Amino acid sequence: MFKNLIVYRLGEGWTASMEQVEAALDKARYVECGASQEKAVGWVEPRGEAHGPLLESVGGQWILKFMIEVKSVPGSVLNRKAKERAQQIEQTTGRKPGKKETKELKEEIKLSLLPMAFSKQGSVLVWIDQAARLLMIEAGSQGRADEVVTALVKSLDGFAVALLDTQISPVSAMAEWLTTQEPPAGFAIEQECELKAADESKSVVRYARHPLDNDEVKQHIAQGKLPTRLALSWDDRVSFMLTEGMQIKKISFQDVVFEGKSADDGGFDADVAIATGELVQMLPDLINALGGEAQRPSLAPAEAPPAPAASSSAASAADEDDSPPF
């Protein structure tokens, strides 16, 4: 549970009870794709029990699940069928279809083939910490998280969020930690890192299962390569990868977290309690390590502001190893 997290600040004006959220989500409940439908999205039961609640609360932490289903026709099949249809038209009418007609042919062919296409499903967990006023989305890419945020804004009246912003950028902080070999209190630098040049060369150096406390890493940074990813651990309990875009990836919990837990302690509630119990302590420490939160934006009700502008290199790095949830 929670392998990746993208963190948002909730708008101060949004308040809702569990009953109100449940009723709102129910209006956008997930329904499978129809025969000729390309995509279907909606809310499903986080616990996985049919006809159950769409919002679960475990230890005061709210958990939702967003389902995405996509059906697609392979481009090679579509092009082949369109070419065959165009040849038939040319043979029977003596004219070759133009660009507009060819495009229309492809749309017709796609609609005819969609009922036979296989669908792919994937889900995205959503965690709302009401006390901390934070929204966490378990997404590996900003694009996927944006899709979920859009669905939340449509479903929940007055809901507004902004990406969490810190006083010190992750890039600057990670460069400092690697150069001085002095990570913030409670954190340790692990053995994985990515350094990327900011100039036109866009050269990249990656370290995996390799000590980072050496002059080579410092020299790369001195020459202008900036850390875009850095593996860290917190309190010997949680390990993760911090990215330049403040995304938290590859989250895993150390054995000490599970000490004292019996085999009977498994299941949805235990998984949520363990994951949120650790992360709700780690996140404030990480924010403090980055200089604290920047001044909170004033968010208008029922408005999802655009994500803070990021460089093209940041965006590409954030999505580089992203795997869709299906």
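What you see is a predicted model; the values in this text were computed from it and never measured.

*Asks:* Is there a simple way to think about the nonpolar core in this case?
*Replies:* Nonpolar side chains in soluble globular proteins tend to be buried together. Ranked by size, the top nonpolar core spans 46 residues in total, and within it W177, L178, L230, F240, I248, L279 and M282 carry the most contacts. For this core, the leading source of residues is helix α7 (residues 268–289), giving 10 residues. Discounting residues that sit within four places of it in the chain, W177 has contacts with E182, P183, P184, I189, L230, L232, L242, A289 and L290. Judged by nonpolar contacts, the second largest core, of 31 residues, contains W43, A145, V153 and F159.

*Asks:* In this structure, what is going on with the pairing of strand β4 (residues 61–71)? I would like to understand it.
*Replies:* Within a regular strand, side chains alternate between the sheet's two faces. β4 sits mainly inside the fold: 10 of its 11 residues count as buried. Looking at chain direction, strand β2 (residues 39–44) and β4 are connected through 6 bridges and run antiparallel. Looking across to β4, one finds that W43 is bridged to F66. As judged from the 3 bridges shared by strand β3 (residues 56–58) and β4, these two strands associate in the antiparallel manner. Bridge pairing in β4 links E56 to I63. In textbook terms, the turn of a hairpin is the stretch between consecutive antiparallel strands, and for β3 and β4 this stretch comprises 2 residues, one of which, G59, has a positive phi near 60 degrees.

*Asks:* Can you walk me through unusual backbone geometry in this structure?
*Replies:* Of note, the phi angle at R209 is positive, near 50 degrees, even though the residue is not glycine. Position of R209 among the secondary structure elements: in the loop between β9 (204–208) and α6 (215–222). In this structure R209 comes out as exposed when scored by relative accessible area, which is 75%. At D236, a position not held by glycine, the phi torsion is positive, near 55 degrees. Relative to the assigned elements, D236 resides in the loop between β10 (225–234) and β11 (238–243).

*Asks:* How should helix α5 (residues 170–180) be read in this particular structure?
*Replies:* Each turn of an α-helix holds 3.6 residues, which means side chains three or four residues apart point in the same direction. Along α5, the positions that sit buried rather than exposed are P170, V171, A173, M174, A175, W177 and L178. Check the buried side of α5 and you find it contacts β8 (187–197), α6, β10, β11 and α7. One or two steps after α5, the chain reaches Q181, where phi turns positive at roughly 55 degrees.

*Asks:* Where do I start with the sheet that holds β8 in this structure?
*Replies:* The strands making up a sheet associate through backbone hydrogen bonding, with each pair oriented either parallel or antiparallel. If you trace the 5 strands from one edge of the open sheet to the other, you get β9-β8-β10-β11-β12, paired in antiparallel fashion. Two strands in the sheet have a free side with no partner beyond their single neighbour: β9 and β12 (248–253). Taking each pair of neighbouring strands and ignoring which way they run, the sheet shows an average axis angle of 15 degrees. As judged from the 4 bridges shared by β11 and β12, these two strands associate in the antiparallel manner. Note that in β12 the partner of S239 across the bridge is S252. Across the sheet, α5 lies against β8, β10 and β11, angled at about 75 degrees from β10, the strand it touches most.

*Asks:* Help me understand the packing of helix α2 (residues 75–93) against helix α3 (residues 99–113) in this model?
*Replies:* Packed helices, taken two at a time, are described by the angle their axes make and the gap between the axes. Packing of α2 against α3 leaves a shortest axis separation of 9 Å and a crossing angle of 120 degrees. The angle between the axes of α2 and α3 places the two elements in the oblique class. At the point where α2 passes α3, the crossing takes the right-handed sense. Of α3, the residues touching α2 (which contributes V77, L78, N79, K81, A82, R85, A86 and I89) are E101, L105, K106, E108, I109, K110 and L113. Split into classes, the residues belonging to the contact of α2 with α3 amount to 8 nonpolar, 1 polar and 6 charged.

*Asks:* Sorry, what's going on with the pattern of salt bridges here?
*Replies:* Side-chain pairing between opposite charges can occur once the charged atoms of the two side chains come close. Using the criterion set out here, one finds 14 salt bridges in the structure. With a shortest N-O distance of 2.6 Å, D269 and R47 are connected by a salt bridge. Pair noted here: D269 is in helix α7 and R47 is in the loop between β2 and β3, with a separation of 222 residues, a long-range link. Judged by its relative accessible area of 36%, D269 is partly exposed. Residue R47 is classed as partly exposed on the basis of its relative accessible area of 28%.

*Asks:* Looking at this model, I keep getting lost on a negative patch on the surface. Mind explaining?
*Replies:* A contiguous patch of negative charge, built from E190, D235, D236 and D285, is present on the exposed surface. Judged by relative accessible area, which is 61%, D236 ranks as exposed.

*Asks:* Can you help me understand the environment of S155 in this one?
*Replies:* Locating S155 in the fold gives a position in helix α4 (residues 142–155). A relative accessible area of 15% means that S155 is categorised as buried. Sequence separation between S155 and A28 is 127 residues; the distance between their C-alpha atoms is 6.9 Å. With near-sequence residues (within four places) excluded, S155 lies in contact with A24, L25, A28 and W43.

Basis of the calculations
- Residues numbered from 1 in each chain as written.
- Predicted model: local features only at pLDDT ≥ 70, side-chain atom pairs only at ≥ 80, totals over all residues.
- Heavy atoms only, no water.
- Core = buried A, V, L, I, M, F, W, Y, C linked by side-chain atoms within 4.5 Å.
- Buried < 20%, exposed > 50% of the residue type's maximum accessible area, 1.4 Å probe, protein only.
- Helix = DSSP H or I, 4+ residues; strand = E, 2+ residues; numbered from the N terminus.
- Contact = heavy atoms within 4.5 Å.
- Pairing = 2+ DSSP bridges.
- Axes fitted to C-alpha atoms, helices over the stretch in contact; angles between N-to-C directions.
- Parallel < 35°, antiparallel > 145°, perpendicular 65-115°, else oblique.
- Left-handed = near helix turned anticlockwise from the far one by under 90°.
- Nonpolar A, V, L, I, M, F, W, Y, C, P; charged D, E, K, R; others polar.
- Salt bridge = Lys/Arg side-chain N within 4 Å of Asp/Glu carboxyl O.
- Patch = residues over 30% accessible without salt bridge, like charges linked within 9 Å, V, L, I, M, F, W, Y side chains within 5 Å.
- Areas by Shrake-Rupley, 256 points an atom, 1.4 Å probe, with all protein chains shown as cover.
- Lys, Arg positive; Asp, Glu negative; His and termini not counted.
- Charge placed at Lys NZ, Arg CZ, Asp CG, Glu CD.

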